[in-house]
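Understanding the architecture of this molecule
One letter stands for each residue in the lines below.
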Amino acid sequence: MKYPDHVRIIDVGPRDGLQNEKQPVPAEIKVELVHQLQAAGLREIEVTSYVSPKWVPQMADNHDVMAGITRQPGVRYSVLTPNLKGWEAAVPDKPDEIVVFGAASEAFSQKNINCSIAESIERFAPVVEAALAAGVAVRGAMSCTVGCPYEGEVAPGRVAYLAALMKGIGVERVDVADTIGVGTPLKVQRAIEAALQHYDIDHVSGHFHDTYGQALSNTLAALELGVWNFQSSVAGLGGCPYAKGATGNVATEDLVYLLHGMGIATGIDLDALVDAGAFISGHLGRKPQSRVAVALLNKRAG
Ligand SMILES: CC(C)(COP(=O)([O-])OP(=O)([O-])OC[C@H]1O[C@@H](n2cnc3c(N)ncnc32)[C@H](O)[C@@H]1OP(=O)([O-])[O-])[C@@H](O)C(=O)NCCC(=O)NCCSC(=O)C[C@@](C)(O)CC(=O)[O-]
């Protein structure tokens, strides 16, 4: 089996990871987390979202967080923008990339962004057009590509349908997200292959939540298809407010350990990453949800 020789990781911890935290996390803590992630070698960080503060109160400090970051050359800072209002709010904060986020399941689209899949594409189209015209990169997150908390199993054809719509409005690359972490390797491969009907391998990423402990297996399955872009969350932070019971993304520490163990380069310093995870977990008053981080922290403690 030939695996990619390097992988690009987007750490989504500051956004996906923290959006569902019940306790308010101060903007300066989020900023420090971004700083620690970039110091650890992350070159793509999903920082925040420009969504309704009534829907996701934790992201209401988007301007403060973006303004607080000391940008490092070569790092891409991305933000979620579901509609023109979100895009217009994000523009002064100069994101490098915006993310429109749709779902392969109709029910999840309604619960998450209050509109059908077709309506979501109508909302995204002017956002994508404006971003591309402004020289801002555009990614499309595709939620529930394997399973949906409301509809159950999601057929690969639904993923292909959404990917085609994303491509049609100019979205440059897409994330195949297993939002509730129900996927297993072969199902995840079918979802990725569906996205690959419309995007090439360099423009499809894997975004796996670890609810059922399958995320690393699913990562390996994606690597076997040649996928080399992944999203993960430092310390395994996370969960989606509209996917009850879903736990965090695969922990970046676990992903990096897997990849380095396979001889796949990431550019990330695992020790510094563990420090970043310990920092945010300490703030939240719990241990990192990363087996690798806990093992390495125990080893350090002797
Ligand atoms: C999308 C909307 C806004 C539509 O919500 P809506 O109610 O359909 O929108 P609306 O246009 O009718 O506006 C209603 C109110 O929201 C305001 N509003 C409207 N747009 C914005 C905006 N951009 N920023 C701030 N405020 C906004 C608007 O001004 C108005 O305020 P009011 O008059 O009631 O005071 C809403 O449904 C929403 O905010 N949903 C939250 C979605 C979200 O953030 N979900 C979590 C992220 S997705 C995810 O985690 C999955 C992912 C990406 O990680 C991948 C995976 O694992 O699956």
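One structure accompanies this document, and this report is about it. Remember, it's a predicted structure, so these values are computed and weren't measured experimentally. (Residues numbered from 1 in each chain as written. Predicted model: local features only at pLDDT ≥ 70, side-chain atom pairs only at ≥ 80, totals over all residues. Heavy atoms only, no water.)

Attention shifts here to helix 7 (residues 156–168). For helix 7, with 13 residues, the first-to-last C-alpha span of 18 Å sits near the 18 Å given by 1.5 Å per residue. When we look at burial in helix 7, the residues that qualify are Val159, Ala160, Leu162, Ala163 and Met166. Buried residues along helix 7 cover an arc of 165° about the axis, so they all sit on one side. Tucked inside the fold, the buried residues of helix 7 contact strand 4 (97–103), helix 6 (117–133), strand 5 (137–143), strand 8 (173–178) and helix 8 (185–195). (Helix = DSSP H or I, 4+ residues; strand = E, 2+ residues; numbered from the N terminus. Expected span 1.5 Å × (residues − 1). Buried < 20%, exposed > 50% of the residue type's maximum accessible area, 1.4 Å probe, protein only. Arc of directions from axis to C-beta. Contact = heavy atoms within 4.5 Å.)

Our next topic: the side chain of Thr266. Here Thr266 lies in the loop between helix 10 (252–261) and helix 11 (270–284). A polar atom in the side chain of Thr266 sits 2.6 Å from the side chain of His260. A polar contact of 3.1 Å, which involves the side chain of Thr266, links it to the backbone nitrogen of Ile268. Residues within four places of Thr266 in sequence aside, it is in contact with Val7, Ile9, Val256, Leu259 and His260. (Polar contact = N/O pair within 3.5 Å; in protein donor to acceptor, adjacent residues only side chain to side chain.)

Let's shift gears to the environment of Val12. Structurally, Val12 is set in the loop between strand 1 (8–11) and helix 1 (13–17). On a C-alpha basis, the gap between Val12 and Val79 in space is 9.7 Å, while along the polypeptide they are 67 residues apart. Excluding its chain neighbours within four sequence positions, the residues that come into contact with Val12 are Gly17, Glu46, His207, Gln231, Ser232, Ser233 and Asn249.

Scanning all chains against the criterion turns up two aromatic pairs. Taking NZ or CZ as reference, Lys111 lies 5.2 Å from the ring centre of Tyr150, over its face. Here the guanidinium or amino end of Lys167 rests over the ring plane of Tyr199, the centre of that ring lying 4.6 Å away. (Phe/Tyr/Trp six-rings, centres within 6.5 Å; stacked < 30°, edge-to-face > 60°. Lys NZ or Arg CZ within 6 Å of the ring centre and 35° of its normal.)

So, on to the sheet that holds strand 1. The sheet built from eight strands closes into a barrel, its strands ordered 1-2-3-4-5-8-9-10 with parallel pairing. Ignoring strand direction, the axes of neighbouring strands in this sheet form an average angle of 25°. Looking at chain direction, strand 9 (residues 204–208) and strand 10 (residues 229–232) are connected through three bridges and run parallel. When the sheet's bridge partners are listed, Ser205 is paired in strand 10 with Asn229. Each of strand 4, strand 5 and strand 8 is contacted by helix 7, which is oriented at about 160° to strand 5, the strand it contacts most. (Pairing = 2+ DSSP bridges. Axes fitted to C-alpha atoms, helices over the stretch in contact; angles between N-to-C directions.)

With that settled, the discussion passes to the pattern of salt bridges. Applying the stated criterion to the full structure yields 16 salt bridges. With its nearest N and O atoms 2.4 Å apart, the salt bridge here joins Glu21 to Arg286. With Glu21 in the loop between helix 1 and helix 2 (27–39) and Arg286 in the loop between helix 11 and helix 12 (291–301), this pair connects stretches of sequence that are 265 residues apart. Owing to a relative accessible area of 35%, Arg286 belongs among the partly exposed residues under this scheme. Lys187 is paired through a salt bridge with Glu153; the nearest N and O atoms lie 3.4 Å apart. One end of the pair, Lys187, is in helix 8; the other, Glu153, is in strand 7 (residues 152–153), and 34 residues separate them in sequence. The exposure class assigned to Lys187 is partly exposed, which follows from its relative accessible area of 38%. Connected via shared salt-bridge partners are Arg8, Arg15, Asp16, Glu44, Glu46, Arg76, Glu97, Arg139, Arg173 and Asp175. (Salt bridge = Lys/Arg side-chain N within 4 Å of Asp/Glu carboxyl O.)

Attention now goes to the site of the ligand. Arg15, Lys54, Asn112, Ser143 and Thr179 are the nearest of the 26 residues found near the ligand. Interatomic distance of 3.3 Å between a backbone N/O atom of Val51 and a nitrogen atom of the ligand. Here the ligand, which alone exposes 1100 Å², has 75% of that area covered by the protein. More than half of the atoms belonging to the ligand lie within 2 Å of the grid points that define the largest pocket. When contributions to the shell around the ligand are tallied by element, the ones reaching two or more residues are helix 1, helix 4 (84–90), helix 5 (106–113) and strand 5. Residues belonging to the shell around the ligand are distributed by class as follows: 11 nonpolar, 10 polar and five charged. (Near = heavy atom within 4 Å. Areas by Shrake-Rupley, 256 points an atom, 1.4 Å probe, with all protein chains shown as cover. 1 Å grid on protein atoms, 1.4 Å probe; cavity = no way out; pocket = protein on both sides within 12 Å on 5 of 7 lines; lining within 4 Å. Sits in = over half its atoms within 2 Å of the grid points. Nonpolar A, V, L, I, M, F, W, Y, C, P; charged D, E, K, R; others polar.)

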